[in-house]
Amino acid sequence: MSGGIVSNRGLLAALVAVAVAMFSVGYLISALASSNISREGVKTMTTTIVKAAGLNTRLNVAGSTTVTPIVEEAARRFSELYPGFRISVAAIGSGPGIKAVGGGEVDIGMASRDLKEEEFKRWPDLKPFKIAMDSIAIVVHPSNPVNELTLEQVAKIFAGEIRNWREVGGPDKPIHVITREKGSGTRDCFEHAVMKPFGKEV
């Protein structure tokens, strides 16, 4: 399962410009800090320079709950370096995040899956950047003696066709399935990798 950020291509040029401007601002902040100017003074000066360059001082990011912790930490560190910037990060799910950036509601969308063909068709200017890879795990309660399942058994469990643990070599107890909500990138990946090959749906 991949995790990444999605940006509008039109915004990409602006982000590159921001990155270039940040080097200049960074050097200025270092110089100001060594001159014993207050943090508020640095903040004001940073904001002034960024605005003078015609750049927004606020960045709105939304999407995958999987990617959110990584982006939140990056945003925290970035804001410490450049206090004139404010980065808002919202965990709303991969699907809603892609829709939000495609519709211009946010500057950057986060997704824990690849963009779908229909999303590229709807928002052809979207540009994905892969930043990480992770895995999906199927877990059971520690007291459950079942320690091995085939992929087909997993698909049937999540499809509701297998409802009791005794059907897969476990105790005579009902299976309670917990999964991610619709719109989740993790769920989309799970459905594509586990359910679809067996013609099943969650």
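To keep things clear, this report deals only with the structure shown in the data block. Nothing here was measured: the structure is a model prediction, and the numbers come from that model.

**Digging into the overall build of the chain**
- Across its full length, the chain carries seven helices and five strands.
- Across the chain, helices and strands are ordered from the amino to the carboxyl terminus as β-α-α-β-α-β-α-β-α-β-α-α.
- Put simply, the chain has 202 residues, and 37% of those count as buried.
- The long-range share in the chain, meaning contacts at least 24 apart out of those at least 6 apart in sequence, stands at 67%.
- Roughly 12000 Å² of accessible area belongs to the chain as shown, and the carbon and sulfur atoms make up 55% of that amount.

**A look at the nonpolar core**
- Counting residues in each nonpolar core, the largest one holds 12 residues, listed as Val146, Val154, Ala155, Ile157, Phe158, Ile162, Trp165, Val168, Ile175, Phe190, Val194 and Met195.
- Those elements giving two or more residues to this core turn out to be helix H6 (151–159) and helix H7 (185–195).
- For this core, the leading source of residues is H6, giving four residues.
- With residues up to four places along the chain from it excluded, the contact list for isoleucine 157 reads Leu149, Ile162, Ile175 and Val177.
- Counting nine residues, the second largest nonpolar core, distinct from the first, contains Ala100, Val101, Trp123 and Leu126.

**Regarding the side chain of asparagine 144**
- With respect to the element layout, asparagine 144 can be found in the loop between strand E5 (126–133) and H6.
- If near-sequence neighbours (up to four positions away) are discounted, asparagine 144 is found in contact with Trp165 and Pro171.

The rules behind the values
Residues numbered from 1 in each chain as written. Predicted model: local features only at pLDDT ≥ 70, side-chain atom pairs only at ≥ 80, totals over all residues. Heavy atoms only, no water. Helix = DSSP H or I, 4+ residues; strand = E, 2+ residues; numbered from the N terminus. Buried < 20%, exposed > 50% of the residue type's maximum accessible area, 1.4 Å probe, protein only. Contact = heavy atoms within 4.5 Å. Areas by Shrake-Rupley, 256 points an atom, 1.4 Å probe, with all protein chains shown as cover. Core = buried A, V, L, I, M, F, W, Y, C linked by side-chain atoms within 4.5 Å.

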